[in-house]
Amino acid sequence: MSPPELPVPTPTALSKPFWDACQVHKLKIQTCTRCGHRMSIPEDRCRSCQSEDLVWVDASGRGSIYSYTVVWRPPTPAFKTPYVVAIVRLEEGIDLMTNIVDCTIDSLTVGMPVTVVFESRGEMVVPVFRPTAEDRDQA
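About the thresholds
- Residue indices begin from 1 for each chain and proceed along its sequence in written order.
- In keeping with the model being predicted, local features are shown solely for residues with a pLDDT of at least 70 and side-chain atom pairs are shown and tallied solely at 80 or more, while totals for entire chains, interfaces and linings include all residues.
- Side-chain descriptors were evaluated using all non-hydrogen atoms of the structure, hydrogens and water having been removed beforehand.
- Think of it this way: any DSSP run of H or I at least four residues long counts as a helix, any run of E at least two long counts as a strand, and we number them from the N terminus.
- Restricting the calculation to C-alpha atoms gives the radius of gyration, and the globule rule supplies 2.2 Å times the number of residues raised to the power 0.38.
- A 1.4 Å probe rolled over the protein chains alone gives each residue an accessible area, and that area as a share of the maximum for its type sets the label: buried under 20%, exposed over 50%, partly exposed in between.
- The criterion used for residue contact is that any of the two residues' heavy atoms lie within 4.5 Å.
- All accessible-area figures derive from a Shrake-Rupley calculation using a 1.4 Å probe, and residue coverage is judged against the displayed protein chains alone.
- Of the grid points, spaced at 1 Å and generated over the protein atoms alone, those admitting a 1.4 Å probe that cannot get out make up cavities, while open sets with protein on both sides within 12 Å along at least five of seven lines make up pockets; any residue with an atom within 4 Å of a point is treated as lining.
- Grid points are joined across faces, edges and corners, and a volume is the space filled by probe spheres set on the points.
- When residue character is reported, Ala, Val, Leu, Ile, Met, Phe, Trp, Tyr, Cys and Pro are called nonpolar, Asp, Glu, Lys and Arg charged, and the others, Gly included, polar.
- A side-chain nitrogen of Lys or Arg and a carboxyl oxygen of Asp or Glu constitute a salt bridge if their distance falls within 4 Å.
- Any two strands with at least two DSSP bridges between them are considered paired.

## Some thoughts on the overall build of the protein chain
Move 1: A tally of regular secondary structure across the protein chain gives 2 helices and 8 strands.
Move 2: Reading the protein chain from its N end, one meets helices and strands in the order α-β-β-β-β-β-β-β-β-α.
Move 3: For 139 residues, the compact-globule estimate of 2.2 N^0.38 gives 14 Å, and the C-alpha radius of gyration of the protein chain, at 16 Å, lies within 12% of that figure.
Move 4: Projecting the C-alpha coordinates of the protein chain onto the three principal axes gives extents of approximately 45 × 40 × 25 Å.
Move 5: When the 139 residues of the protein chain are sorted by exposure, 36% land in the buried category.
Move 6: A separation threshold of at least 6 residues defines the contact pool for the protein chain, and within that pool the share at least 24 residues apart is 50%.
Move 7: Accessible area of the protein chain: about 8400 Å², with a carbon and sulfur share of 51%.

## Topic: the layout of surface pockets
Move 1: Approximately 880 Å³ is the volume attributed to the largest pocket.
Move 2: Surrounding the largest pocket, 38 residues form its lining, Met97, Thr98, Asn99, Arg121 and Pro127 being those nearest its centre.
Move 3: Looking at the lining of the largest pocket, the elements with two or more residues in it are helix H1 (16-23), strand E1 (28-32), strand E5 (83-90), strand E6 (95-100), strand E7 (113-121) and strand E8 (124-131).
Move 4: When residues of the lining of the largest pocket are assigned to their parent elements, the largest contribution, 5 residues, is made by E6.
Move 5: In terms of residue class, the lining of the largest pocket is built from 28 nonpolar, 5 polar and 5 charged.

## Quick look at the pattern of salt bridges
Move 1: Enumeration over the complete set of coordinates arrives at 8 salt bridges.
Move 2: In this structure, Lys16 engages Asp20 in a salt bridge whose closest nitrogen and oxygen atoms are separated by 2.8 Å. Here the residue Lys16 and the residue Asp20 both occupy positions in helix H1, the gap between them amounting to 4 residues, near one helical turn.
Move 3: You can call Lys16 partly exposed: its relative accessible area is 44%.
Move 4: Owing to a relative accessible area of 39%, Asp20 belongs among the partly exposed residues under this scheme.

## Observations regarding the sheet that holds strand E2 (residues 38-39)
Move 1: In spatial order, the strands read E2-E1-E3; together these 3 strands make up an open sheet with antiparallel pairing. The open sheet is flanked by E2 and strand E3 (54-58), the only strands paired with a single partner.
Move 2: Judged from the 5 bridges that link them, E1 and E3 form a sheet pairing that is antiparallel. The partner of Cys32 across the bridge, within E3, is Leu54.

Note that every value here comes from positions in space, so none of it alone points to a role or purpose.
Put into structure tokens, the structure is as follows:
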């Protein structure tokens, strides 16, 4: 019997550009061309000025851990514990909920610089973050 697969996101019409970019290992964020407001959750109009002139732009892929928790009891057997769920604040000023990988739980700190990497899950590719090279070397 093969191990259960991790759940994957189901793209919507609004989120499809984000997930399409992830497939080619790019992180994109939705931005209003009228006022410059950036959004972490795809919308059909700007939350700031209500403009419908929205575009997807490349994000730096760099940020820092704003908050995190360690999951010890998995919601399904597909998850290997422990794992980290975090809010990462991107350099662009928006927050993403994600996982932190490639480091020990004891080395995690709020404010730790992280960089996006992409993880394949079946046919989907999802963005996760790991400590920047300097921090990973110390972990």
